[in-house]
Each structure stands twice: as structure tokens, then as C-alpha cells.
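Examining the three-dimensional arrangement
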Amino acid sequence: MGNKKIVLDNVRIFSSEKMSLIENGRILVEGGKISEVGTRGSVDVPSDALSLDGMGRVALPGLIDAHLHVTGMRTGDNVKEPLLTPMGVFFARGVKDLESLVMAGFTTIVDAGGIVSLHLRDAVNEGTIVGPRVFAAGFSLSPTFGHGDVHYMPIEYVDARTSKFMKPLKGLICDGEAECRKAARYSLREGADFIKVMATGGVLSQRDRPDYRQFTLEELKAIVDEARAAKRFVHAHAQGKEGIVNALNAGVKVIAHAIYMDEEAAELAKEKDAVVVPTLSIVHKILEVGPKAGIPEWGLKKSEEVYKDHVENARKAKRLGVKLATGTDFLGGFFPHGENALELKLFVEKLGMSPAEAIKSATETAAEVAGMKGSIGRLERGMLADIILVKENPLLNIDSLLNVKNVELVMKGGEIVKNNLSQ
Ligand SMILES: [Zn+2]
């Protein structure tokens, strides 16, 4: 795979170093990696290479969604849909969602909990189905009464240990250091690329609130220790300040949502070199389609309550220089995979980023969340050849990335997954 030489010729290359385009550019791909990149005059075309005319399109590193869930869910109703839908249907829909993601230019995704893409990851890697590179948590860890516990269901319907009722989103319930270590090991045993934990309450969990602290500092430390022992890291759902600070002090690398991350917590995130994934898209979308999507009344109410603070705090984090990566928290269905570039648009509109900064957040910074810093996220020699060609210049109009038709070519690890250049 990927042994051929391919030249993407006559392209405008996004440089995250210069934060601008290299005009009249050429990229040489060899063995699945970028071997040369620069102006046409500076890169020779080997005689045995397949040359593609990029027709002046803009070349970007493949986009990365640093926090989503491929669940196969089609509504936001976490009670009715799992109850009435066989697991096979969720997997079949997950296959389609992965295809939509890669066709929209997302060559890597971070699945922050759920078993659908954990298993589909292997089917993508063996070439059976088409999809992005998947970096998956699989079973997420939550304390009893935590964000991952289905505490709005009577206990007799919910397995106290695996919250199995959630089906595609099922996780592990653990309390105390010993159980947390065991759950982390179980999750690794089941193929987790990283460990996902619930450090605080959330929006779509009925009986807790975003600012509730959930796992204790000691529990988080135990989980981080298990992840480190297996050369992995921890990605935390953390919305309230206490949980964010605990997670950072425990050594958690990725902070998702960060709704109430104030200046002090933002400074700590910087000090710890953590990456924050605000996931503005999910709340934005809940407010747009929530009632239609079957989001319960209490979920809508909480979404309305948090959105303003969420945006303000993410804006502050941007100003303070916290590393921000794009993640949608989309689940599928009303929160559709394929429209994940919404987060780039919101970074520009709500956080005051330039389009180039938003693209960097969705590529170079998001690569860290996918555990692939230095391998993907930049168009440079030695990087894996994850490259997309887009028709309209996103530096002038970031919204253009939301139009899937604009994404004319998608290359993942040197393999061409989509090519509509000549149409
Ligand atoms: Zn999530």
C-alpha cells in the first residue's frame, strides 16, 4: 500500500508555518509519505510518478476531528433509540458515517468513547471499508452517578458495571482507585488507543450538572498512571472548573468541552501543555435541532444555560494562547458526520480566530489529540501523505469547507480515497 509515487502538481499549498499559501506548488508523495513539497520549480517530477494536475486547488493537511463519537445513532434520544435498535444497525450506519467523514476531508478522527468505531477501525485499516484513520477510546470510564452512568434509567435496566443499556456508547462504571485501574486495563484490553474519562457532570446527563466534580484527583491519577504504563494518554470530559483542574493536575493530556475553564484553569492548561477541545458544534447544533432530534427537555435547558459561558471561556482561552483543537462531539444523524467542518467555522465566528488559525487547530493541533504529533497535520517532508484539495480558498471563506463538493481530492497515507478533480 502506498508504494507508488504520486505528484500533486499545480496546487496552492497551505503552510502552517507561514500561515499562508505557497503559490504554484507541487507535492511529491512516495511510499505513503510526503517526500518533497515546495514551488513547482523546486520539486522535480520523477519519470515513474503518476502526476495529477491540481488545477490551482488549495492543498491542506487532511482535517482531523479531535472529539466525536461514531455511534450509528440517528436521534438524540438515548433511551428510545438504543432500546429499539439492534446493534448491527448501529454498526451499518457507522460504516456510512465513516465514509461521509473521509469524503468531507476528515482523514483522521478521535472517537472519544463508543464501541462502533473501535471495531470499525480494524475494518478501515484492513481496507474492507472506506474511512478516516480512527483513534478510538472504546469503553469510556465514568464513576457511578457520573456522566457515563445512565442515571436517568431505573437501576434495574442498567448494568451497574458496564452501563450496557447505552449500547453503542456503552462504557465502564468504576469507583475508587482499584476499580479505576481495572477499568482502564479492561478498556486497553478491548483495544483502546487512549483512555476517556468523565471528570465532571455534563449537559446530556439528567441528574448531574457540568460543574459537578466526578472522578477524584486520586482516581484520575490512577487512570493516568495505567494509561502511561501502556504508553497512552488520557482524554477527559471536563466541563466545570474543579474537574478541569483535577484532570490537569492528574496529568490528563486532553481536556474536552472546558465549559467553565476560567483564566486560572487556562493558565494551568498552558503550563501542563494540554490540548483543549471545546466542541462548540454539539451545543450549537442542539440549540438548532434539539427538539426535533429527540433531545429531552432538561438537555435543551442545560444547553441554553451553558452556551454563552462556553463561548466566552473558549474565547478567553484562545486569547491566552491555550492550544485549541477542533472537535464536534457529533454522534451521527441530527449531529451529522460529514458536517464536522462546522467547528472551524465556529472557531472563526465565535472565538475570533483567523481561517488559517482554525485550519491549524483542525490539523497540526488536533494531530496531538490523535497521538500523531509530527506524523500528520502538516504538509511537510516526512509527514504521512494525508492531503486534501479544495476548490474554494478557505483562507478567504472558511465556510467553504462545509461544502463537501468543494473537497475534490482526498488522500490518506498516500492512497487516493476521493478524486473529483476532473469533474
Ligand atoms: Zn463526547
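Cut-off values and rules
Residues numbered from 1 in each chain as written. Predicted model: local features only at pLDDT ≥ 70, side-chain atom pairs only at ≥ 80, totals over all residues. Helix = DSSP H or I, 4+ residues; strand = E, 2+ residues; numbered from the N terminus. Rg over C-alpha atoms; globule rule 2.2 N^0.38 Å. Buried ≥ 20, exposed ≤ 12 C-beta atoms within 10 Å, placed from the backbone. Contact = placed C-beta atoms within 7 Å. Pairing = 2+ DSSP bridges. Domains from an automatic or database assignment. Nonpolar A, V, L, I, M, F, W, Y, C, P; charged D, E, K, R; others polar. Core = buried A, V, L, I, M, F, W, Y, C linked by C-beta atoms within 7 Å. Bend = angle between axes of the 7 residues up to and from the residue. Axes fitted to C-alpha atoms, helices over the stretch in contact; angles between N-to-C directions. Left-handed = near helix turned anticlockwise from the far one by under 90°. Right-handed = clockwise from strand over helix to strand, strands pointing away. Parallel < 35°, antiparallel > 145°, perpendicular 65-115°, else oblique.

1. Some words on the overall build of the protein
- Each helix and strand counted, the protein has 11 helices and 18 strands in total.
- Computed over the C-alpha atoms, the radius of gyration of the protein is 21 Å, within 12% of the 22 Å expected from 2.2 N^0.38 for a compact globule of 423 residues.
- Seen through its principal axes, the protein has C-alpha atoms that stretch 65 × 45 × 45 Å.
- In the protein, buried positions account for 56% of the 423 residues.
- Taking the contacts inside the protein whose residues are at least 6 apart along the sequence as the reference set, 68% of them involve residues at least 24 apart.

2. Here we look at the pairing of strand S16 (residues 387-390)
- Across the two faces of S16 the burial is the same, with Ile-387 and Leu-389 and Ile-388 and Val-390 all buried.
- Relative to S16, strand S5 (residues 58-61) runs antiparallel, the two sharing 4 bridges. Counterpart to Pro-61 in the pairing with S16 is Ile-387.
- Alignment of S16 against strand S17 (residues 407-412), held across 4 bridges, turns out to be antiparallel. Pairing of Ile-388 across the sheet is with Val-410, part of S17.

3. So, unusual backbone geometry
- One non-glycine residue, Met-19, adopts positive backbone phi at about 60°.
- Its location among the elements puts Met-19 in the loop between strand S1 (5-15) and strand S2 (20-30).
- Residue Met-19 is classed as partly exposed on the basis of its C-beta count, with 14 C-beta atoms lying within 10 Å.
- At Thr-279, a position not held by glycine, the phi torsion is positive, near 50°.
- For Thr-279, the location among the structural elements is in the loop between strand S14 (275-277) and helix H8 (280-293).
- What makes Thr-279 buried here is the crowd of 28 C-beta atoms within 10 Å.

4. Remarks on the domain arrangement of the protein
- Under the domain assignment used here, the protein contains domain 1 (5-61 + 377-419) and domain 2 (63-369).
- Averaged C-alpha coordinates put domain 1 and domain 2 at centres separated by 30 Å.
- The interface of domain 1 with domain 2 comprises 22 residues on the first partner and 26 residues on the second.
- When residues of the side of domain 1 that touches domain 2 are traced back to their parent elements, those giving at least two are S5, S17 and strand S18 (415-419).
- Here the residues of the side of domain 1 that touches domain 2 are counted per class, giving 14 nonpolar, 3 polar and 5 charged.

5. Section: the nonpolar core
- Among the nonpolar cores identified, the biggest contains 130 residues, and Ile-27, Ala-59, Ile-223, Val-252, Ile-255 and Val-276 are the most heavily contacted of them.
- Taken domain by domain, the makeup of this core includes at least three residues from each of domain 1 (5-61 + 377-419) and domain 2 (63-369).
- With sequence-adjacent residues up to four places away left out, Val-276 is seen in contact with Ile-255, Ala-258, Met-261, Ala-269, Ala-317, Val-322, Lys-323 and Leu-324.

6. Some remarks on H8
- Approximately 60° is the largest bend angle found in H8, and it occurs at Leu-287, with the proline Pro-291 only one to four residues beyond.
- Burial in H8 covers these residues: Leu-280, Ser-281, Ile-282, Val-283, His-284, Lys-285, Ile-286, Gly-290 and Ala-293.
- Among the structural elements, helix H9 (297-320) and helix H10 (342-351) are those in contact with the buried residues of H8.
- Gly-294 occupies a position one or two residues after H8 and carries a positive phi of about 85°.

7. Focus: the sheet that holds strand S8 (residues 133-136)
- In spatial order, the strands read S6-S7-S8; together these 3 strands make up an open sheet with parallel pairing. The strands lining the two open edges of the sheet, one partner per strand, are strand S6 (63-68) and S8. Within the sheet, the average angular offset between the axes of one strand and its neighbour, ignoring direction, is 15°.
- Packing of helix H11 (residues 355-369) onto the sheet brings it into contact with S6 and strand S7 (106-111), and relative to S6 it is tilted by some 45°.

8. Some points on the packing of H8 against H9
- Close contact between H8 and H9 brings their axes to 9 Å; oriented N to C, the two are set at 145°. Classified by chirality, the crossing of H9 by H8 is left-handed. The residues of H9 that touch H8, namely those facing Leu-280, Val-283, Ile-286, Leu-287, Gly-290 and Pro-291, are Gly-299, Leu-300, Ser-303, Glu-304, Val-306, Tyr-307, His-310, Val-311 and Ala-314.
- Per-class residue counts for the contact of H8 with H9 are 10 nonpolar, 4 polar and 1 charged.

9. A short note on the pairing of S7
- The buried fraction of S7 amounts to 6 of the 6 residues, a majority that puts the element mostly inside the structure.
- Pairing geometry for S6 and S7, over 4 bridges, is parallel. From the neighbouring strand, Leu-63 faces S7, where its bridge partner is Phe-106.
- Across 4 bridges, S7 lies against S8 in parallel orientation. Within the sheet, the bridge partner assigned to Val-110 lies in S8 and is Phe-135.
- Regarding the hand of the β-α-β motif, the stretch spanning S7, helix H3 (residues 116-125) and S8 is right-handed.

10. A few points about the packing of helix H5 (residues 217-229) against helix H6 (residues 241-250)
- At a minimum axis distance of 9 Å, the contact between H5 and H6 shows a crossing angle of 40°. If you check the angle between H5 and H6, you find them oblique. Between H5 and H6 lies a crossing whose hand is right-handed. In contact with Leu-217, Leu-220, Lys-221 and Val-224 of H5, H6 contributes Asn-246, Ala-247, Asn-249 and Ala-250.
- Grouping the amino acids of the contact of H5 with H6 by side-chain chemistry returns 5 nonpolar, 2 polar and 1 charged.

11. Comments concerning H3
- Taken together, the buried positions of H3 are occupied by Val-116, Ser-117, Leu-118, Leu-120, Arg-121 and Val-124.
- In this fold, the buried residues of H3 make contact with helix H2 (87-103), S7 and S8.
- With its phi angle positive at about 90°, Gly-127 sits one or two positions after the end of H3.

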